[in-house]
Amino acid sequence: MLCVVYQGDPPMTPPLTALPTLNAQETETKHVHIETFGCQMNKSDSEKMLGLLAQKGYAWTDTPEQADLILINSCSIRENAVNRLIGHLGRFKPLKRKNPDLIIGVGGCVPQHEKEALLKRVPHLDLVFGTQTYHKLPELLDEFHQNQRPIVSIVRQVDEYPEEIPVIREGKHHAWITVQHGCSAFCTFCIVPYTRGQQQSRKPEAIAEEIRQVAAEGYTEITLLGQNINTYGWDLDPGTSLGQLLHLIHDIEGIRRIRFLTSHPINMRDDLIDAMAELPKVCEFLHLPLQAGDNELLKRMRRNHTVEFYAELVDKIRAKIPHIVLTSDFIVGFPGETEEQFMGTVESVRRFAFDSANTASYSPRPKTPAARFEEQLSEEEKSRRLNVLNQVVREVALQQNRRHLGEIQEVMVESHDAERNNLKGRTRGNKIVHFEGMPRLVGQLVDVKIFDVTPNTLRGRMVVS
Ligand code: SAM
Ligand code: SF4
Ligand code: F3S
């Protein structure tokens, strides 16, 4: 397993105990342990970090106790993520005492705003780098070895991201493909434009080349990544679009399924919906965050659209792609959110029948306008609203999943659990399916008849033709 990844808050990890003493032999090959927090973009960056470090002779280790280098690729989307990152780093202090040569580094989104302050809060840190400098990891490590002093390498925004970065991917069949860096939408609650910089799209040919390469390595499923992926290519000269990119890459031999994340409703143009409807490899899955079900809130979030606009868009999408799996993100307890406005959000989950939704209570973030808005809600109230919303999200997800009962779904098999002789895979709509089967089916597309569902998973039986 390459990375520990969570969506939102860091996982609670059991306390480190019984630290093994490293002997000379164990330290001959250098080992790196990377823990990744946050979104898929961070996950993809960690795969590149590992690729770069492998070129420097580092091998992966699952256990921090065996590592010569521990890297945390951090997320800053919510306040508690930062505090828990600091707590998490504290757990490595005893390892550093045992092995003074151990190098501990933090990359990703938190250093982009905390910078050298992180060194003050975590004195046993050696390396602080960000989303714009992770590709310099090998040089930063050389510099650290030479000077034996902590290094902080933060740049607000690079002019151009390097294309030639080696990658060691966690998945064997599915690959993340970053098509766009940064975000220029500046929603009033969101820190991403400040931690990732303004939008920079990669050139279509470079993306197609990367996909040809992963296809040649045997990958069959890809997810294109961008924070506001529906504006992909608008900043290029000549300009292009996500719809055009999907057409360009569609016929790459070996790729069977294509998905993309994350769509902003205001930028979802007809050519993209048409491309999704026309191109068979593009899966019936759309993550289209609504964030709130009230026009006043949407305005103050600077989402630039109304609930009615979203409703028309969803109608258009469902008319052209009837089996689309639709998912969303929601924030509850945005500054000034009234009970009535909150109920609008709850109601929208039922109205749009989301297959699933990521939900979070609003967290003020540095530099963002909403952090300065008046009428911040108490944590208790935000937490109450979050519980109410989560319950409705689960109810609606269960209803949506029940619609699959009796259906035959095409499933890409991802893993096998030997103990239970259980296979786990995903439908084209990105739903997780469990069913019995042999390990040799991992990586294959199989048909599964669904006979049981929960809000988060489907259970089925393989259909043998
Ligand atoms: N680019 C995507 C979009 O436009 O919807 C989302 C990217 S963001 C990494 C993922 C989600 O985190 C957002 O959709 C939002 O729901 C949530 N989020 C962002 N800032 C937040 C904040 N300050 N407090 C709580 N949740 C937040
Ligand atoms: Fe954040 Fe908005 Fe950009 Fe999404 S579109 S990353 S929510 S600023
Ligand atoms: Fe977190 Fe940065 Fe992604 S803040 S959600 S890791 S872009």
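Residues numbered from 1 in each chain as written. Chains lettered and ligands numbered in written order. Predicted model: local features only at pLDDT ≥ 70, side-chain atom pairs only at ≥ 80, totals over all residues. Heavy atoms only, no water.

What about the domain arrangement of the protein chain?
Here is the rule we go by: Marked domain ranges trace back to an automatic or database domain assignment. When two parts are brought into contact, each loses some accessible area as probed by a 1.4 Å sphere; the total of that loss over both is the buried area. Take a side-chain nitrogen of Lys or Arg and a carboxyl oxygen of Asp or Glu: if they are within 4 Å of each other, that pair is a salt bridge. Pairing of N or O atoms within 3.5 Å defines a polar contact, subject to two protein rules: one partner must be a possible hydrogen donor and the other a possible acceptor, and residues neighboring in sequence count only if both atoms are side-chain atoms. Each helix corresponds to a stretch of at least 4 residues labelled H or I by DSSP, and each strand to a stretch of at least 2 residues labelled E; elements are numbered beginning at the N terminus.
Assigned domains of the protein chain: these are domain 1 (30–153), domain 2 (174–402) and domain 3 (408–462). Carbon and sulfur atoms make up 54% of the area that domain 1 and domain 2 hide from each other, which totals about 1600 Å². Scanning the region where domain 1 abuts domain 2 turns up two salt bridges. Notably, a salt bridge pairs Arg 196 with Asp 45, separated by 2.9 Å at the nearest N-O pair. The tally of links from domain 1 across to domain 2 stands at nine residue pairs in polar contact (both at pLDDT 80 or more). Counting only elements with at least two residues in the side of domain 1 that touches domain 2, the list comes to helix 1 (40–55), helix 2 (79–90) and helix 4 (110–114).

Here we look at the site of ligand 3
Defined as follows: It suffices for a single heavy atom of a residue to lie within 4 Å of a molecule or strand for the residue to be listed as near it. Three classes are used, and their members are as follows: Ala, Val, Leu, Ile, Met, Phe, Trp, Tyr, Cys and Pro are nonpolar, Asp, Glu, Lys and Arg are charged, and the others, Gly among them, are polar.
Taken together, Cys 39, Asn 42, Cys 75, Ser 76, Ile 77, Cys 109, Val 192, Arg 196 and Gln 227 make up all the residues around ligand 3. Each residue belonging to the shell around ligand 3 can be placed in one class, and the counts come to five nonpolar, three polar and one charged.

Some remarks on the nonpolar core
For clarity, the cut-off: By nonpolar core we mean a set of buried residues, namely Ala, Val, Leu, Ile, Met, Phe, Trp, Tyr and Cys, connected to one another through side-chain atoms within 4.5 Å. Working definition: with a 1.4 Å probe on protein chains only, accessible area under 20% of the residue-type maximum means buried, over 50% means exposed, and in between means partly exposed.
Ile 222, Leu 224, Leu 246 and Phe 260 are the most contacted members of the largest nonpolar core, which totals 67 residues. Among the elements that make up this core, the one with the highest residue count is helix 12 (residues 307–320) (six residues).

Here we look at the pattern of salt bridges
Tallying each qualifying case throughout the model produces 28 salt bridges. Put simply, Asp 126 and Lys 96 hold a salt bridge, and the shortest N to O gap is 2.4 Å. Placement of Asp 126 in the loop between helix 5 (117–121) and strand 5 (127–129) and of Lys 96 in helix 3 (residues 93–98) is noted, with a sequence separation of 30 residues between them. Look at Asp 126 and you get buried, because its relative accessible area is 7%. Taken together, the shared-partner salt bridges connect Glu 337, Glu 339, Glu 381, Arg 384 and Arg 385 into one network.

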